[in-house]
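Architecture at a glance
Chain by chain, the residues:
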Amino acid sequence: MTLLQYVGSPLMRSLRACIEKYYKTTEYPTVLKKISLSESIPPPITWRDNFTPEEGKAFGAQLSARLERLPAARPLWLIIFALALGGWFEVYDVFLTAYIGPGMVREGIFSHGSHNFFDPNSLGAFVAAMFLGVFIGTLLIANLADRIGRKKVFIIALLIYAVASGIMAFQHHPFAVVFWRIISGIGVGAELVTIDAYVSEFIPARLRGRSYAFVQAIQYTSIPTIAFLSWQLVPQEILGLSGWRWVVLFGCIGAVLVWIIRMGLPESPRWLVEQGRYKEAEDVVRRLETRVAKSTGAALPAVDPQQLIPVEAKPAEKNEMWRPPYRRRTIMLLVFNFFQSIGYYGFASWIPTLLAAKGVTFTHSLLYSFLIAFASPLGPLVAMTFADRIERKWLVSGSALAIAVVGTIFSWQSQPVMLVTLGLLLSLASTCMTFSYRAYQAELFPTRFRAKAIGMVYSVSRISGMLSGFTIAWVLSEMGVSSVFAVISGAMAIVVFTIGVFGPRTLNRRLEEVNP
C-alpha cells in the first residue's frame, strides 16, 4: 500500500473520524479541545464553490491580511504548542545517538573508533543511519506536504517514527539496528520540514521569530529529558533489557499519545488557498479569529486595505526553485545546510564521547552531558526576547561564529567546571542558530513549493550529517578532540560567510512580500 493510499484508507478515515468526534463532544481534557479547530461553523456570506481567478486572488490577500493582524493570543500559542509536542519526540530521536551511544558500545553492538572510514560496526554508522533516514524523509516524503497537505504528512511522520523506533529497541545485530534507525529517521525528516512550513504559514510576521524559538524551546526540553533518562538508565539493565533500550521505548510511547493530540490540528489556511479550497481556509481562519477575540476580550482590528497583497492559487512550476529570484536562495541554503550540520552535530551528537575522550569516566560523561543539555531549551527561551528584533541572517551568522570560537576553547580544557561551562555556551549558541535558520529558510520560499524547497535544502544537511558521523569518528580516533573542533570551526566559518554575504533580509516582512 502506498503512502497516499494509506492516508485515504477506510481504516485511517474511521480512526480520524473517531478522534475528531472526541474533540467535538468530550469535555475533558479542556486543553485538547482548545487546540482543535475541527468544529463546523456557518460561513459569513452566501458561499460559492467556484471563484474566478481574480476573486481567488482577492480572497487570498484578505485571508493573509487577517492572519497577519492576529495578536499573540493563547489560541495561537496552543496550536504552536501542539506542533512542538510532536517535534519533541523527533528531537528526542535525533539526540538518541549522543546519549545512548555509550550504552550501545558497552553492550558490544558498536565500537567507538572505526577500522576504516565506512565501518558498519562503528558508532559512526549509527549516527549516519539517522541522517540517511532524515535525508530520505526531507527530500522525498516531506515533498508530499505540498500535494496532500501539511497536516496529513506530520501526522503520518510521527507514526512512522514511533513504530520504527519501537522495533529498533529490540534489535541486537548492528545491521538491524541501523536499518530501523534509517526508517525512524524518515519520519523525523518529514516531520521537521512540515512543522517549519506550517508555522511560517500560520503565524504573523512580527511573531515568527518568537514562534520558532518557542517551538524549539518546547522541542529541546527533550534533550535534558533524554540526558537524564540516559544517565539513570543506560548503565542499568531492567527486566532483562539494557538501559538504552528503555530510553528508546520511552520516546515511542510518548509519541503515540501526542499523535492523538495532533489529529485535532487544522490544515494550513495558506496551503488551502493555494489549492483553491477557499471555504475550508475561511472556516479555519474564522474559527481562529473567534477564539482569539474571546481569549483577548477585545474585537480584532480591521484589516488595513494598504496591507493587501494579492495571492493567486496556482501550482508550482517545474523547477521553479531553480529560477530567479529563488535560484540564488536555493544555492545559498544548500551550501549553508551542508556545513552547519557538520558544525552542529559534530558537537551535539558526540558530547558524551568527546568528554570520554578527554578522560572523563563513563558515568560522569553522562552526568556532565545531562548538565550541558539544560542549555538546549534555555537558549530559545532567552532568544524569544530578541528573536523578532535582530535581523534573522545576523542571528544565524553570529551564532555560527560563537560555536567556532567557544568550541575551540572547549577543546583546550580538561577541568570539569570549564568543560561543563563551555559546553553550556556551545549549546546556547547551537540552539540559537537552529531556530533562527529554521525560521529563515521557511521565509525564503512561497507556499506553493515551500515544503519541497525546505526539504531539498535541508536534505543536504543530512548528507553532511551522515558523513560527519564517520568523519568525527575517524578524526577523533586518529587525531584527537582538538582536531574535531578544528573541523567544526572551519565549517562554521563557511556558514558565517555564506549567510552574512548572500542572505536576504526577512525581519518583520510578510511571506507574500519576501516571495513576490
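For the structure itself, look to the data block above.
Analysis parameters
Residues numbered from 1 in each chain as written. Predicted model: local features only at pLDDT ≥ 70, side-chain atom pairs only at ≥ 80, totals over all residues. Heavy atoms only, no water. Helix = DSSP H or I, 4+ residues; strand = E, 2+ residues; numbered from the N terminus. Buried < 20%, exposed > 50% of the residue type's maximum accessible area, 1.4 Å probe, protein only. Contact = heavy atoms within 4.5 Å. Areas by Shrake-Rupley, 256 points an atom, 1.4 Å probe, with all protein chains shown as cover. Salt bridge = Lys/Arg side-chain N within 4 Å of Asp/Glu carboxyl O. Expected span 1.5 Å × (residues − 1). Phe/Tyr/Trp six-rings, centres within 6.5 Å; stacked < 30°, edge-to-face > 60°. Lys NZ or Arg CZ within 6 Å of the ring centre and 35° of its normal. Axes fitted to C-alpha atoms, helices over the stretch in contact; angles between N-to-C directions. Parallel < 35°, antiparallel > 145°, perpendicular 65-115°, else oblique. Left-handed = near helix turned anticlockwise from the far one by under 90°. Nonpolar A, V, L, I, M, F, W, Y, C, P; charged D, E, K, R; others polar. Polar contact = N/O pair within 3.5 Å; in protein donor to acceptor, adjacent residues only side chain to side chain. Patch = residues over 30% accessible without salt bridge, like charges linked within 9 Å, V, L, I, M, F, W, Y side chains within 5 Å.

Along the backbone of the protein there are 24 helices and two strands. Residue burial in the protein is summarised as follows: out of 516 residues, 60% are buried. Restricting the contact set of the protein to residue pairs at least 6 apart, pairs at least 24 apart contribute 85%. Counting every atom, the protein has about 19600 Å² of accessible surface; 65% of that belongs to carbon and sulfur.

Summed over all chains, the structure comprises 20 salt bridges. Where D93 meets R181, a salt bridge forms, and the shortest distance between an N and an O atom there is 2.9 Å. Residue D93 is located in helix α5 (residues 74-94), and its partner R181 is located in helix α10 (residues 174-202); the two are separated by 88 residues in the primary sequence. Owing to a relative accessible area of 0%, D93 belongs among the buried residues under this scheme. Here D388 and R210 are joined by a salt bridge, their closest N and O atoms 2.9 Å apart. Placement of D388 in the loop between α19 (375-383) and α20 (392-410) and of R210 in helix α11 (residues 208-219) is noted, with a sequence separation of 178 residues between them. One network of salt bridges, with partners in common, ties together R208, R210, D388, R392 and E443.

A word on α10. With 29 residues, α10 extends 42 Å from end C-alpha to end C-alpha; this agrees with the ideal 42 Å at 1.5 Å per step. Counting buried positions along α10 gives 24 out of 29 residues, so the element sits mostly inside the fold.

Using the criterion set out here, one finds 13 aromatic pairs in the structure. Ring centres of F154 and Y198 lie 5.5 Å apart, and the angle between their planes is 80°; this geometry places the pair in the edge-to-face category. With F154 in helix α9 (residues 150-168) and Y198 in helix α10, this pair connects stretches of sequence that are 44 residues apart. Accessibility assignment for this pair places F154 and Y198 in one class, buried. The residue whose ring lies beneath K393 is W394, and the NZ or CZ to ring-centre distance is 4.7 Å.

Let's shift gears to the packing of helix α12 (residues 222-233) against helix α13 (residues 243-262). Look at α12 against α13: their axes get within 8 Å of each other, and the N-to-C directions meet at 150°. Overall, the two elements α12 and α13 adopt an arrangement that is roughly antiparallel. Judged by the twist between their axes, the crossing of α12 over α13 is right-handed. Where α12 approaches α13, its residues T225, I226, L229, S230 and L233 are matched on the opposing element by G243, W246, V247 and F250. Grouping the amino acids of the contact of α12 with α13 by side-chain chemistry returns six nonpolar, three polar and no charged.

This part is about unusual backbone geometry. P325 follows P324 through a cis peptide bond whose omega is 0°. Within the secondary structure, P325 sits in the loop between α15 (278-296) and α16 (326-348). Phi angles above zero are rare outside glycine, and L239 is one such case at about 55°. If you trace the backbone, L239 turns up in the loop between β1 (237-238) and β2 (241-242). For L239, a relative accessible area of 76% gives the class exposed. The phi dihedral of N319 falls on the positive side, at around 60°, and the residue is not glycine. Secondary-structure assignment places N319 in the loop between α15 and α16.

Looking at where S211 falls in the secondary structure, it is placed in helix α11. Of the polar contacts made by the side chain of S211, one reaches the backbone oxygen of L207; its length is 2.8 Å.

Looking at the element boundaries, S184 is found in helix α10. On the basis of relative accessible area, S184 is assigned to the buried category, the value being 0%. A polar contact of 3.0 Å, which involves the side chain of S184, links it to the backbone oxygen of R181. Sequence-distant contacts of S184, defined by excluding residues within four places in its chain, comprise D93, Y161, A164 and S165.

Another aspect to go through is the environment of F339. Along the chain, F339 falls in helix α16. Separated by 129 residues in the primary sequence, F339 and S468 place their C-alpha atoms 9.9 Å from one another. Among all residues touching F339, those that are not within four sequence positions of it are A491, M492, I494 and V495.

Right, let's talk about the environment of I261 for a bit. Structurally, I261 is set in helix α13. When the C-alpha positions of I261 and I155 are compared, they lie 9.8 Å apart, and in sequence the two are 106 residues distant.

Taken together, the side chains of W322, I331, V335 and I494 present a nonpolar region at the surface, about 300 Å² in accessible area. Relative to the helices and strands, I494 resides in helix α23 (residues 481-502). I494 gets classed as partly exposed once you look at its relative accessible area, which sits at 33%.

Functional significance is not addressed by these values, which are geometric in nature.
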